[in-house]
Amino acid sequence: MAGILSSEGKEELMEKLLTSSQVSENDTGLLRAKCLSEYQDKEFAKTFIWNHPQAFSSSDGYMYFNDLSDTDSIALSFVLDIISELNKEEAGETQHKCSDKFVSVRELRLIESHLTMSGMQRVCNSLINEHSLVSELTIGGTLMIEGSVTDTGVASLCEALQHASCKLTTLNLWENITDTGVASLCEALQHPSCKLTTLNLLSDKITDTGATSLSEALQHSSCKLTTLSLKHNKITDTGVASLCEGLQHSSCNLTTLDLSYNKITDTGVSSLCEALQHPSCKLTTLNQCGTEITDTGVASLCEALQHPSCKLTTLDLRGNEITDTGVASQREALQNPNCTLTSLNILSTFGISE
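What counts, and where the lines are drawn
- Residues numbered from 1 in each chain as written.
- Predicted model: local features only at pLDDT ≥ 70, side-chain atom pairs only at ≥ 80, totals over all residues.
- Heavy atoms only, no water.
- Buried < 20%, exposed > 50% of the residue type's maximum accessible area, 1.4 Å probe, protein only.
- Helix = DSSP H or I, 4+ residues; strand = E, 2+ residues; numbered from the N terminus.
- Pairing = 2+ DSSP bridges.
- Contact = heavy atoms within 4.5 Å.
- Salt bridge = Lys/Arg side-chain N within 4 Å of Asp/Glu carboxyl O.

A.B. asks: Tell me what's going on with the pairing of strand β2 (residues 107–111), and back it up with residues and numbers.
C.D. replies: With 4 of 5 residues buried, β2 is to be regarded as a mostly interior element. Across 5 bridges, strand β1 (residues 62–66) lies against β2 in parallel orientation. In the strand pairing of β2, Tyr62 is matched with Glu107. Inspection of the sheet shows β2 paired to strand β3 (residues 136–140) by 5 bridges, in the parallel sense. Considered in β3, the bridge of Arg109 is made with Thr138.

Structure below.
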């Protein structure tokens with residue numbers, strides 16, 4: 001479609017097409033991105049995006065693309081680079097018209113995309129642009145065409161995270177990430193230029209090996225992570241024990257840990273309780289929904305909650321095997337003056353009477 005309009009002097013018609021209701025209803029920005037990329041007029045693209053920032057993103061800087069291919073990544077990268085150019089102009093003395101309308105992209109979501117290493121590299125090249133302001137990236141659904149390539153794509157992302165110009169502080173990776181990909185991420189986390197503070201790895205493929213890699217990264221002085229979610233993986237008590245070694249290290253900055261829907265029993269809880277009582281442990285939020293905790297594990301947690309060094313303020317134990325006995329233990333702990341807990345959720349557990 002853009003090829004028909006690529007002759008000089010068609011800007012007005014192009015703008016009318018890009019802002020038509022038909023385009024708005026049929027896509028979430030990808031068709032517009034393709035048109036601008038094929039049109040190859042950067043000045044027109046800058047003017048259009050400046051005047052119509054919500055053609056690609058929301059009013060608060062959220063950009064979403066679904067079912068992205070490697071070819072589509074060319075268009076996405078083009079738009080991201082144009083936005084970076086506009087960021088540069090806005091930051092400097094040069095002012096574009098209608099500056100009150102422009103909102104830069106701060107969050108990028110690529111859902112159910114089919115990107116190989118080449119596609120990921122294009123996106124990453126835009127993210128390391130000196131003037132990119134994207135600080136949150138979500139890649140969900142099927143990240144790569146083949147599962148074996150997934151971790152290679154993550155490796156490309158990790159190279160970007162280690163770049164001085166990359167401003168990502170939050171990374172959400174859903175599905176198809178294995179322990180190999182985690183190892184690459186951990187290498188990036190230990191790099192001085194990596195700015196990640198929040199990492200969400202909802203994968204269903206990460207095991208105790210990945211947990212051990214993360215523990216080592218958390219102990220590194222350059223790691224800035226404060227929030228780690230490993231929800232819906234295959235981590236067992238062994239992996240929890242490894243993570244707890246990291247939690248007790250003086251360099252660990254983690255304050256929020258989500259281990260929901262892993263294969264964790266009371267043995268793993270015992271390791272967590274030991275960490276919670278350590279003076280160097282900074283955890284304030286712990287989520288263990290849908291694991292295999294019983295009243296025995298709750299008793300261990302209650303002992304930790306009453307320890308002077310325990311800093312937990314939020315604890316979520318929904319979906320575990322807790323009965324009235326566990327609830328009674330919690331009540332007793334909450335009455336202890338050393339207990340700092342302000343939020344406790346144990347609803348939807350088994351064996352609790354009304």
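Having put the structure on the table, let's press on.
A.B. asks: Help me get a handle on helix α11 (residues 266–276), residues and values and all.
C.D. replies: The element α11 is extensively covered by neighbouring structure, given that 8 of its 11 residues are classed as buried. Along α11, the residues classified as buried are Asp266, Gly268, Val269, Ser271, Leu272, Cys273, Ala275 and Leu276. In this fold, the buried residues of α11 make contact with α10 (237–247), β7 (256–258), β8 (285–287) and α12 (295–305).

A.B. asks: Describe the pattern of salt bridges, naming the residues involved and giving the relevant values.
C.D. replies: Under the criterion given, the structure shown has 6 salt bridges. Taking the shortest distance from any N to any O, the salt bridge between Asp316 and Arg318 comes out at 2.7 Å. By relative accessible area, Arg318 is classed as partly exposed at 33%. What you see here is one network of salt bridges that share partners, running through Glu43, Lys46 and Glu89.

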